[in-house]
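Residues per chain, in single letters:
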Amino acid sequence: MFKTIEDRSANTVEILVEGVAHRVPANISVAAAALLCGLGSVRETPVSGAGRLPYCMMGICFDCLMKINGQPNQRACQVMVAADMTVERQLGAAEFEDL
Amino acid sequence: MSARVLLAWPLPVKPLASEFAWACWITRRHRQLQILGKDFVKGRLLIERFKQAGGSYFSEASVWFLDEKRRVGVLIGDKSYFVSADKLVLATGAQERPMPIPGWELPGVMAAGAGQILLKSAGMVPDGRLLLAGSGPLILLLAYQYLQAGVKIDALIDTTPQGAMSRSFGKLFGALPAADYLFKGLKMMLAIRRAGIPVYHHVEGLSAVGGEKLETVRFDSGKAGFKKLTNYELPADTLLLHQGVIPNIRLPLAAGCDIDWDAGQENWTVKTDEWGRSSDADIYVVGDGSRISGAEASALQGRLAGMHSALQLGKINNAELEDLSRPVLKSYKRHLSIRPFLDSCYKPSPRYLVPDDATLVCRCEEITAGEIRQAVRLGCTGPNQVKSFTRCGMGPCQGGQCGSTVSLIISEQLGKPMDEVGCLRVRPPLSPITLGQLSEA
Ligand SMILES: Cc1cc2nc3c(=O)[nH]c(=O)nc-3n(C[C@H](O)[C@H](O)[C@H](O)COP(=O)(O)OP(=O)(O)OC[C@H]3O[C@@H](n4cnc5c(N)ncnc54)[C@H](O)[C@@H]3O)c2cc1C
Ligand code: FES
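Residues numbered from 1 in each chain as written. Chains lettered and ligands numbered in written order. Predicted model: local features only at pLDDT ≥ 70, side-chain atom pairs only at ≥ 80, totals over all residues. Heavy atoms only, no water.

Peer 1: What exactly am I supposed to notice about the overall build of chain B here?
Peer 2: Helix and strand counts for chain B stand at 17 helices and 20 strands. In terms of overall dimensions, chain B is globule-like: its C-alpha atoms have a radius of gyration of 23 Å, near the 22 Å expected for 441 residues. Over its C-alpha atoms, taken along the principal directions, chain B stretches across nearly 65 × 55 × 45 Å. Going through the 441 residues of chain B one by one, you find that 51% of them count as buried. Taking the contacts inside chain B whose residues are at least 6 apart along the sequence as the reference set, 65% of them involve residues at least 24 apart. Split by element, the accessible area of chain B, about 20400 Å² in all, is 56% carbon and sulfur. For chain B, the centre of its 51 positive side-chain charges and the centre of its 43 negative side-chain charges are spaced 5 Å apart. (Helix = DSSP H or I, 4+ residues; strand = E, 2+ residues; numbered from the N terminus. Rg over C-alpha atoms; globule rule 2.2 N^0.38 Å. Buried < 20%, exposed > 50% of the residue type's maximum accessible area, 1.4 Å probe, protein only. Contact = heavy atoms within 4.5 Å. Areas by Shrake-Rupley, 256 points an atom, 1.4 Å probe, with all protein chains shown as cover. Lys, Arg positive; Asp, Glu negative; His and termini not counted. Charge placed at Lys NZ, Arg CZ, Asp CG, Glu CD.)

Peer 1: Mind showing me how you'd approach the side chain of His308 of chain B here?
Peer 2: Residue and element names in this part refer to chain B. Counting through the fold element by element, His308 comes out in helix α9 (residues 295–312). His308 gets classed as buried once you look at its relative accessible area, which sits at 5%. Of the polar contacts made by the side chain of His308, one reaches the side chain of Tyr284; its length is 2.8 Å. In this view, His308 contacts Trp275, Arg277, Tyr284 and Leu321; residues no more than four positions away in its chain are not counted. (Polar contact = N/O pair within 3.5 Å; in protein donor to acceptor, adjacent residues only side chain to side chain.)

Peer 1: Please clarify how the site of ligand 1 should be interpreted in this entry.
Peer 2: Residue and element names in this part refer to chain B. Neighbouring ligand 1 are 20 residues; Val63, Gln116, Leu141, Asp288 and Ala295 lie closest to it. Between ligand 1 and the protein, one listed contact pairs a nitrogen atom with a backbone N or O atom of Val63 at 2.8 Å. The contact in question runs from an oxygen atom of ligand 1 to an N or O atom on the side chain of Asp288, over 2.5 Å. Coverage of ligand 1 by the protein chains reaches 63% of its 990 Å² of free accessible surface. Of all elements in the fold, only β1 (61–66), α4 (112–122), α5 (137–148) and α9 reach the threshold of two or more residues within the shell around ligand 1. Tallied by class, the residues present in the shell around ligand 1 amount to 9 nonpolar, 9 polar and 2 charged. (Near = heavy atom within 4 Å. Nonpolar A, V, L, I, M, F, W, Y, C, P; charged D, E, K, R; others polar.)

Peer 1: Hey, could you run me through the pairing of strand β8 (residues 86–91) of chain A in this one?
Peer 2: The two faces of the sheet receive side chains in turn, since in a regular strand these alternate between them. Residue and element names in this part refer to chain A. Here 2 bridges tie strand β2 (residues 12–17) to β8, and the two strands are oriented parallel to one another. Bridging from a neighbouring strand, Val17 pairs with Val87 of β8. As defined by bridge partners, strand β4 (residues 43–44) adjoins β8 across 2 bridges and the pair is classed as parallel. Among the inter-strand pairings, Glu44 is bridged to a residue of β8, identified as Leu91. (Pairing = 2+ DSSP bridges.)

Peer 1: Help me out: how do you make sense of the sheet that holds strand β3 (residues 79–84) of chain B in this one?
Peer 2: Note: strands within a sheet are paired through backbone hydrogen bonds, in either parallel or antiparallel orientation. All names here are of chain B. Pairing within the open sheet is antiparallel, and its 3 strands lie in the order β1-β2-β3. Each having just a single partner strand, β1 and β3 make up the two edges of the open sheet. Across this sheet, the average inter-strand angle for adjacent strands is 30 degrees, counted without regard to direction. Strand direction decides the pairing type here: β1 and strand β2 (residues 71–76), joined by 5 bridges, are antiparallel. When the bridges of β2 are listed, Ala61 appears paired with Ile76. (Axes fitted to C-alpha atoms, helices over the stretch in contact; angles between N-to-C directions.)

Peer 1: I'm lost on the interface of chain B and chain A in this one. Help?
Peer 2: Accessible area lost upon the coming together of the parts is a frequently used measure of interface size. Taken residue by residue, the interface counts 43 residues in chain B and 33 residues in chain A. Taken together, both faces of the contact between chain B and chain A bury some 3300 Å²; the carbon and sulfur share is 61%. It is Met124, Arg363 and Glu366 of chain B in chain B that bury the most area against chain A; as a group they hold 17% of the surface buried on that side. In this structure, the salt-bridge partner of Asp63 of chain A is Arg363 of chain B, at a minimum N-O distance of 2.7 Å. Contributing elements (two or more residues each) for the side of chain B that touches chain A: α2 (31–36), β5 (94–96), β6 (109–111), α4, β7 (124–126) and β14 (238–243) of chain B. (Buried area = accessible area lost by both parts, 1.4 Å probe. Salt bridge = Lys/Arg side-chain N within 4 Å of Asp/Glu carboxyl O.)

Peer 1: Is there a simple way to explain the packing of helix α13 (residues 369–377) of chain B against helix α14 (residues 383–390) of chain B in this structure?
Peer 2: All names here are of chain B. Between α13 and α14, the least distance of the axes is 10 Å, while the angle of their chain directions is 110 degrees. Put simply, α13 runs roughly perpendicular to α14. Two secondary-structure elements touch here, α13 through Glu371, Ile372, Ala375 and Val376 and α14 through Val386, Phe389 and Thr390. Split by residue class, the contact of α13 with α14 holds 5 nonpolar, 1 polar and 1 charged. (Parallel < 35°, antiparallel > 145°, perpendicular 65-115°, else oblique.)

Peer 1: Which parts of the structure should I look at to understand helix α15 (residues 403–414) of chain B?
Peer 2: What sets the pattern is the α-helix's 3.6 residues per turn: residues three or four places apart point alike. All names here are of chain B. Taking 1.5 Å as the rise per residue, α15 with 12 residues should run 16 Å; its terminal C-alpha atoms sit 17 Å apart, in good agreement. With 9 of 12 residues buried, α15 is to be regarded as a mostly interior element. Considered for burial, the residues of α15 that qualify are Gly403, Ser404, Thr405, Val406, Ser407, Leu408, Ile409, Ile410 and Ser411. (Expected span 1.5 Å × (residues − 1).)

Peer 1: Help me out: how do you make sense of the sheet that holds strand β12 (residues 214–221) of chain B in this one?
Peer 2: Residue and element names in this part refer to chain B. Spatial strand order, β11-β12-β13: 3 strands in an open sheet with antiparallel pairing. Looking at the sheet topology across the chains shown, the edges are occupied by β11 (204–210) and β13 (230–235). Neighbour-to-neighbour, the strand axes of this sheet turn through a mean angle of 15 degrees, independent of strand direction.

Peer 1: Help me understand the pattern of salt bridges, please; the structure alone is not making it clear to me.
Peer 2: Two side chains carrying opposite charge are able to pair once their charged atoms lie near each other. Residues and elements named next belong to chain B. Taken as a whole, this structure holds 22 salt bridges over all chains when the rule is applied. Between Arg291 and Asp262 there is a salt bridge, with its nearest N and O atoms 2.3 Å apart. Remark: Asp262 occurs in strand β16 (residues 259–262) and Arg291 occurs in the loop between β18 (283–285) and α9; sequence separation between them is 29 residues. Classification of Arg291 by relative accessible area gives partly exposed; the value is 36%. A relative accessible area of 13% places Asp262 in the buried class. In this structure, Arg391 engages Glu365 in a salt bridge whose closest nitrogen and oxygen atoms are separated by 3.1 Å. A residue pair is termed long-range when its members are at least 10 positions apart, and Arg391 in the loop between α14 and α15 and Glu365 in the loop between β19 (360–362) and β20 (367–368) qualify at 26 residues. The class for Arg391 is partly exposed, based on a relative accessible area of 40%.

In structure tokens, the structure reads:
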């Protein structure tokens, strides 16, 4: 759904998105990386289970909540990618023991 | 951390000899910057100047607590700190005004600002069929920037209501001191026309349609001057929505600053004097976070607040303040002169502010406008009651996204002015913080 406009292959990091290794530009947010990797949704809502993608990219809407390095409820648009980061979709509300 | 005054040193910083060279270098180096243009570089220069001024700067910090005693709880990395200040300058900026249309929660629908952030910060652009819909300078600017980046825009769906332009004509004269803004707007409109992008005007009934993700966008549009509307349905992979920006007032609210509803801008504004001083004389609220005034005016207002607090702290005297502030005030007023025209021209259409019953208002708890109206029929008279009744505003975003829509729905249904309806209260934590991070405080 999104692509980069310039060649950024010089400065990349490898991250694990839903268990699959992806090489993405360094210095982008996890939400941007998720869009670049083509995820159809980054979370499923606790109420209806509907899939969502990042909406505002500026920390307001919380539609980008993901599990990052095992920690749930992270606004993926506010976290930068880092080497070997694990990124998972958040399904429903975060479980209590995760917090 | 021992910072007592949270502001940039207010005395004018001499333009750095290196600034110009640096700007040229950086513009040449990045294709992204060529697309984003001069304004982006200006912002970078502001940052450079701040760094030169010697104040402490903490990046990726998030203020999760603030109270009327000016105690600030801030999360930096995984550590939380408390600082208190004699003077506090809040410059929280703007957020996009929600545009709750049917289907705006579908994957594939995003805020236009999000599209711009992806372009600015990650050099990313939509791939596939792209529609831009809404009203306001930002959507024109984004279309222009996408064109510069070689992105194909399948249509521009303009929701500016009929008559907005002619109604605002009288305000053009007052905007002449800031004619550069008008020329910029014209340049963007011309480029869009020249690129041959289909533009639909005076659009009503905009909705996003799809199952698991966006598939098509439906709307009605008519030619200017004609009553008859035609229905359209365009296939789309990405729909970017926009209807202006509104002040992000969460921190000023937490600090107890008084607010007002501005019926011209259709948003809450923080009450301030010309120095940016709020109802609490020790708290300044500047820039778009107090009232939408644009990037240049916001930066100037920050300088005025800095100068005035320096006076209050005894660092400069009245005469120095007057000398220092005179040119800044003049320039500030010039930049503000474009606002009445822009506010009138791009005043959002009521039908996109107050959605129909089936449309989601609260994206977190999935509450529709109909459920909010039902709560009002059952006796709720303000957003805080609606919140406890429906959970609207109780989700992770804490009403940051839906707050103004909820108040507008209540105001319309009860026929009460917004100042009486009020806004959602804010409660700490103002942004998410885990128990672990809190215990590090
Ligand atoms: C999506 C969007 C796109 C825009 N695009 C353009 C454009 O292309 N050209 C243009 O001229 N103008 C644009 N504008 C308007 C322009 O951004 C503003 O006029 C200008 O940035 C206002 O400056 P400011 O200093 O008041 O706020 P900002 O520059 O927005 O700065 C506010 C800062 O406060 C931070 N903040 C807020 N709350 C907290 C908190 N609790 N803790 C820590 N930090 C916090 C924010 O993260 C932000 O960094 C845009 C506005 C938006 C919302
Ligand atoms: S996309 Fe809105 S908070 Fe991250």
